[in-house]
Amino acid sequence: MHKKLKLAVASIALLSSIAWVQSASASSVFSDNFNSYSGQLNWAPPGNWTAPGPGTVDLIGETTSGTSFNFYPGNGGYVDLDGSNGQPGTLQTLQTFAAGKYTLTFDLGGNARGDGFKTTDFSLGSFSDSIILASGDALGFHSYTFTTSGGQLAFSDLAGGNQNIGNILDNVSLASAVPEPSTWVMFLFGFGAIGWMLRDGRRRPIQRA
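Residues numbered from 1 in each chain as written. Predicted model: local features only at pLDDT ≥ 70, side-chain atom pairs only at ≥ 80, totals over all residues. Heavy atoms only, no water.

A. Highlighting the sheet that holds strand β10 (residues 151–157). Strand order across the open sheet formed by five strands is β2-β5-β10-β7-β8, with antiparallel pairing between neighbours. Looking at the sheet topology across the chains shown, the edges are occupied by β2 (49–50) and β8 (127–133). Summarising the sheet, β2 and strand β5 (residues 90–97) pair through two bridges and their orientation is antiparallel. Each bridged residue has a counterpart across the sheet, and for T50 the counterpart in β5 is Q92. (Pairing = 2+ DSSP bridges. Helix = DSSP H or I, 4+ residues; strand = E, 2+ residues; numbered from the N terminus.)

Here is the structure:
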């Protein structure tokens, strides 16, 4: 019975550590839905973003105050990646992310103002990709899992058409796809507990009646 109890304890420890690893397999490292800011044309982002120029971005939509442009009702605030100075803009995180594996998600929609197709580039270190949208393309969810050399996360619209009209960015989230060291410790603890139980069982002398 004692051996069965130890096996049960070790199994619980292992299952708990596996669950912990799985829950930590997508640990959020950055997110922003742009709902807490005041609307502003040629937005000067506070805190966690920068618009390095020479182009600008606009913070529009259902913001806490300011601009009344709202092309996607019900989605709160969002970013027009071509601001109002006649040059395509870039929105970039102030935070620099370490090399590793990440999952990036965001919503991206067309310019909604009848201009031509717009291309949005997005990158983080050695990872980059792009999306081309028509003006009437709805705000849609996009997800990418990738390994990168590390750096800042950036979204940029490319030149073309009316440079005061860009694709719409919302709900940016970046998650680490690799468990943190503390999580691996718990995982190894589960295996260690089973190993201890098996080793102890081999050493225990056979008791005869």
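Right, picking up where we left off after that structure.
B. Summary view of the nonpolar core. Formed by 27 residues in total, the largest nonpolar core has its most connected members in F106, F155 and V172. Secondary structure elements with two or more residues in this core: β5, β6 (100–109), β7 (118–124), β8, β9 (140–148), β10 and β11 (168–176). Per-element accounting of this core gives the leading share, four residues, to β6. Counting five residues, the second largest nonpolar core, distinct from the first, contains I60, Y72, Y78 and I168. (Core = buried A, V, L, I, M, F, W, Y, C linked by side-chain atoms within 4.5 Å. Buried < 20%, exposed > 50% of the residue type's maximum accessible area, 1.4 Å probe, protein only.)

C. Representation of the side chain of T120 within the structure. Position of T120 among the secondary structure elements: in strand β7. A polar side-chain atom of T120 sits 2.6 Å from a polar atom in the side chain of D157. (Polar contact = N/O pair within 3.5 Å; in protein donor to acceptor, adjacent residues only side chain to side chain.)

D. Up close: the packing of aromatic side chains. Going through the model one piece at a time under the given rule, you end up with 17 aromatic pairs. Ring plane angle 80 degrees and centroid distance 6.0 Å describe the contact between Y72 and Y78, whose orientation is recorded as edge-to-face. What makes Y72 buried here is its relative accessible area of 12%. With a relative accessible area of 0%, Y78 lands in the buried category. Centroid distance F127 to Y144: 6.3 Å. Interplanar angle 55 degrees. Geometry classified as tilted. One end of the pair, F127, is in strand β8; the other, Y144, is in strand β9, and 17 residues separate them in sequence. (Phe/Tyr/Trp six-rings, centres within 6.5 Å; stacked < 30°, edge-to-face > 60°.)

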